[in-house]
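Residues per chain are reported as follows:
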Amino acid sequence: MIFRAAIFLLGLSLAPLHAQTDPITTAKRAGQMLFQAGDALEAAQSSSDRISALSDTIRAYEEGLSAMREGLRRVVIRERAIQLTFEAERDRLAQLLGILQTIGNAPAPLLMMHPSGPMGAVRSGLIVSDVAPALAAEANALRAQLEELSLLRLLQEDAAKTLETALQEVQTARVALAKAVADRTELPLKFTSDPDQLSALVQNSDTLSSFADNLTRLSTEETLPNLDFDQMKGALELPVSGRALHGFNEADAAGIERPGLVLATPSRALVTAPITSTVRYAGPLLESGNVVILEPGANALIILEGLAETFPTVGEIVEKGAPLGLMGGNQQSSDAFLINATKGSGGNRQESLYIEVRLGGTPVDPAPWFDLNRE
């Protein structure tokens, strides 16, 4: 009876141990990225160019947190897959464990006895020799999955501790960056804007689009970066970590169509210049909240709407990757981060940034200019 049950259990399917590699490696690598970002934060405090160093540090934290979010998501998926396997095979697993325990506890002399005599004992011995390796393999697979399950849970506990520190440190870096920008004494101004003229443009505009139209008419050709913006298609990185919510002229949930790209972003995410540009406007604008308008080339504008804070000054030249501001929202706690990570990455993107590209005063689809596959 024992051997028939054993042969029946040989059909048990357990996933191999190598399945653990992807989620565990991803989560561990994310932890290393956050640890390295912590080292970068210490170095940034004494850097000669603190603004650049702090911007790089914040981006490093954001990449590490994004990787941690993905790693934890995969860990939870893998953990659930193992648990479902155990639940589906509960009865057969119990039988397997019972058989292994029975064989292990039975005295050796009893294993040699058989009701049909010596020949029956020999046949039983042959069956045992055939079945035992298969049972051992199933037992090893079961042990490996139990060990993997334990490791996955330890990873989640370690992640909670790592996140607590990382979320505090990235907030420290954001505050330090805002202060470093405010404390600047020398600005690389390329042209001097007329505050009264800019104020008049705001007064004479009733929408972001009309303001951009009016702004285009103020020529600054002698102050523009020396590049052909049209040749930059596909080469620009997104100004903020995020994913596309709505495309060019695509209706949102309220049925509103806008001639730009809407990105879902994490709270307090850093917004940076996607290309070296002249800052034509930065600050609150009409009903659009905070807006940054960049001029990367003749007759070209990049409009960024939805920031909570803006850093640049009108008229300055910002290099590619320079900090432009921060998104809104509240810094998540480590508990909230962990909960949202298990739901998928979307739970951590609570803000939205609107990106509009204008050529010759006309909005065009921003997608061809940006690498939308890179978060």
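This one's a predicted model, so the numbers in the text were calculated from it and none came from an experiment. (Residues numbered from 1 in each chain as written. Predicted model: local features only at pLDDT ≥ 70, side-chain atom pairs only at ≥ 80, totals over all residues. Heavy atoms only, no water.)

**Overview of the overall build of the protein chain**
Within the protein chain, the secondary structure is distributed over nine helices and ten strands. Going through the 375 residues of the protein chain one by one, you find that 43% of them count as buried. Residue pairs at least 24 apart in sequence account for 74% of intrachain contacts in the protein chain once pairs closer than 6 positions are excluded. (Helix = DSSP H or I, 4+ residues; strand = E, 2+ residues; numbered from the N terminus. Buried < 20%, exposed > 50% of the residue type's maximum accessible area, 1.4 Å probe, protein only. Contact = heavy atoms within 4.5 Å.)

**A word on the confidence of the model for the protein chain**
Predicted confidence across the protein chain gives a mean pLDDT of 78, with 74% of residues reaching 70 or more. Across the protein chain, the secondary-structure element scoring lowest on mean pLDDT is helix H1 (residues 2-9), at 36, and the one scoring highest is strand S3 (residues 270-272), at 96. Long-range and interchain partners of residues 1-20, a stretch whose pLDDT sits below 50, account for 41 contacts in this model, where long-range means more than four residues apart. (pLDDT = per-residue confidence, 0-100.)

**A look at the environment of Val-75**
For Val-75, the location among the structural elements is in helix H3 (residues 50-88). Once the C-alpha coordinates of Val-75 and Ile-24 are considered, the two residues, 51 residues apart in sequence, prove to be 6.7 Å apart. Those residues in contact with Val-75 that lie beyond four places of it in its chain are Pro-23, Ala-27, Leu-152, Leu-155 and Gln-156.

**Description of the pairing of strand S4 (residues 277-284)**
Within S4, seven of the eight residues are buried, which leaves it mostly tucked inside the rest of the structure. The pairing of S4 with strand S7 (residues 317-318) spans two bridges and is classified as antiparallel. Considered in S7, the bridge of Thr-278 is made with Ile-317. Between the end of S4 and the start of strand S5 (residues 290-297), which pair antiparallel, lie five residues, with Leu-286 showing a positive phi angle near 50°. (Pairing = 2+ DSSP bridges.)

**Looking at empty space enclosed by the protein**
What the rule picks out here adds up to one cavity of 30 Å³ or more. Put simply, the parts of the chain that give the lining of the largest cavity at least two residues each are H3 and helix H6 (118-182). Broken down by element, the lining of the largest cavity gets its largest block of residues, four residues, from H3. Grouping the amino acids of the lining of the largest cavity by side-chain chemistry returns five nonpolar, seven polar and three charged. (1 Å grid on protein atoms, 1.4 Å probe; cavity = no way out; pocket = protein on both sides within 12 Å on 5 of 7 lines; lining within 4 Å. Points joined across faces, edges and corners; volume = space filled by probe spheres on them. Nonpolar A, V, L, I, M, F, W, Y, C, P; charged D, E, K, R; others polar.)

**Details of the pattern of salt bridges**
Taken as a whole, this structure holds twelve salt bridges when the rule is applied. Residues Arg-59 and Asp-56 are paired through a salt bridge, measuring 2.6 Å at the closest nitrogen-oxygen approach. Of this pair, Arg-59 and Asp-56 both sit in helix H3, three residues apart, which is roughly one turn of the helix. Relative accessible area serves as the criterion here: at 24%, Arg-59 is assigned to the partly exposed category. Take Asp-56: its relative accessible area is 42%, and that puts it in the partly exposed class. Here Arg-268 ties to Glu-309 by a salt bridge, and the two come within 2.6 Å at their closest N and O atoms. Taken together, the positions of Arg-268 in the loop between strand S2 (261-266) and S3 and Glu-309 in strand S6 (residues 300-310) put the pair 41 residues apart, joining distant regions of the chain. Overall, the relative accessible area of 28% leaves Glu-309 in the partly exposed class. Residues joined in a network through salt bridges with shared partners are Glu-70, Arg-73 and Arg-74. (Salt bridge = Lys/Arg side-chain N within 4 Å of Asp/Glu carboxyl O.)

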